[in-house]
Amino acid sequence: QVQLVESGGGLVQPGGSLRLSCAASGSIFRIYSMGWYRQAPGNQRELVAVITSGGSTNYADSVKGRFTISRDNASNTVYLQMNSLKPEDTAVYYCNADIQKYGSSWRHGYWGQGTQVTVSS
């Protein structure tokens, strides 16, 4: 079994910062890309940022220059540093990882349970 556990969400004032973490655990042979998505009430889930196993990154235009994604391959953890937060960043943030399990030839996408980020004064 594979689990993704997120932490670091909360309430922050506009202009503030938060750091999200997501740790993958279980019968993991290899992790390919890892990423963060978010979903605000009434909206579809959208990509925020993604990072490959080699460290290449891609960001949504709305967060470029403010958010930074990074990962620690030794601990199977992905981070999202969020600076200059805006009220429109308010959403549930979900971690996603593309994982190959031991004994399997297939890759499968796994999701965390989500963590709430609220930006408000």
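Every chain's residues receive numbers from 1 upward, in the order its sequence appears when written. Selection of residues for local features in this predicted model requires a pLDDT of at least 70, selection of side-chain atom pairs for listing and counting requires 80 or more, and totals for whole chains, interfaces and linings are taken over all residues. Side-chain numbers come from the whole structure's heavy atoms, not from hydrogens or water.

## Remarks on the overall build of the protein chain
Numbering of helices and strands starts at the N terminus; helices are DSSP runs of H or I of at least 4 residues and strands are runs of E of at least 2. Secondary structure assignment for the protein chain yields zero helices and eleven strands. For the protein chain, the succession of helices and strands along the chain, N to C, is β-β-β-β-β-β-β-β-β-β-β. With the radius of gyration taken over C-alpha atoms, the globule rule is written as 2.2 Å times the number of residues to the power 0.38. Taking 14 Å as the expected radius of gyration for a compact globule of 121 residues, we find that the protein chain reaches 14 Å, a close match to that expectation. C-alpha extents for the protein chain along the principal axes are approximately 50 × 25 × 25 Å. In the protein chain, the share of contacts with a sequence separation of at least 24, taken over all contacts with a separation of at least 6, comes to 56%. Each accessible area is a Shrake-Rupley result for a 1.4 Å probe, and residues are judged covered by the shown protein chains and nothing else. Here the protein chain displays about 6400 Å² of accessible surface, and carbon together with sulfur accounts for 45% of that area. A residue counts as positive if it is Lys or Arg and as negative if it is Asp or Glu; His and the chain ends are not included. Here the site of a charge means atom NZ of a Lys, CZ of an Arg, CG of an Asp or CD of a Glu. The positive charge centre, built from 10 side chains, and the negative charge centre, built from 7, are 5 Å apart in the protein chain. Throughout, a contact is declared for two residues whenever any of their heavy atoms are within 4.5 Å.

## Observations concerning the nonpolar core
Take the buried Ala, Val, Leu, Ile, Met, Phe, Trp, Tyr and Cys residues and link them wherever side-chain atoms come within 4.5 Å; each set so joined is a nonpolar core. Think of it in three bands: with a 1.4 Å probe and only protein chains considered, a residue is buried below 20% of the maximum accessible area for its type, exposed above 50%, and partly exposed in between. One finds Trp36, Leu80, Met82, Tyr93 and Ile99 to be the most contacted residues of the largest nonpolar core, which totals 32 residues. Residue assignment for this core shows that the elements contributing at least two residues are strand 1 (2-7), strand 3 (18-26), strand 4 (28-39), strand 5 (46-51), strand 7 (67-72), strand 8 (77-82), strand 9 (91-101) and strand 11 (115-119). Here this core gets five residues from one element, more than from any other, and that element is strand 9. The contacts of Leu80, once residues within four sequence positions are left out, are Leu18, Arg19, Leu20, Trp36, Val48, Ala49, Phe67, Thr68, Ile69 and Tyr93.

## Section: the environment of Ser62
Along the chain, Ser62 falls in the loop between strand 6 (57-59) and strand 7. Residue classification places Ser62 among the partly exposed residues on the basis of a relative accessible area of 40%. Here a polar contact is taken to be a pair of N or O atoms separated by no more than 3.5 Å, where protein atoms must pair a possible hydrogen donor with a possible acceptor and residues adjacent in sequence count only if both atoms sit in side chains. Polar contacts involving the side chain of Ser62 include one to the side chain of Arg38, which spans 3.3 Å.

## What about the pairing of strand 4?
Two strands pair when backbone bridges link them, and strand 4 and strand 9 are joined in this way by nine bridges, in the antiparallel orientation. Each bridged residue has a counterpart across the sheet, and for Arg30 the counterpart in strand 9 is Gln100. Only when DSSP finds a minimum of two bridges between them are two strands counted as paired. Note: strand 4 against strand 5, five bridges, orientation antiparallel. Its bridge partner lying in strand 5, Arg38 is registered against Glu46. Taking the residues between adjacent antiparallel strands as the criterion, strand 4 and strand 5 are bridged by six residues, where Gly42 takes a positive phi near 80 degrees.

## Considerations on the pattern of salt bridges
Where charged atoms from two side chains of opposite charge come close, those side chains can pair. Throughout this description, the term salt bridge denotes a Lys or Arg side-chain nitrogen within 4 Å of a carboxyl oxygen of Asp or Glu. Applying the stated criterion to the full structure yields five salt bridges. Here Asp89 ties to Arg38 by a salt bridge, and the two come within 3.0 Å at their closest N and O atoms. Here Asp89, found in the loop between strand 8 and strand 9, pairs with Arg38, found in strand 4; they are 51 residues apart in sequence, far enough to count as distant. Classification of Asp89 by relative accessible area gives buried; the value is 1%. Note that Asp98 is salt-bridged to Arg107, the shortest N-O span being 2.6 Å.

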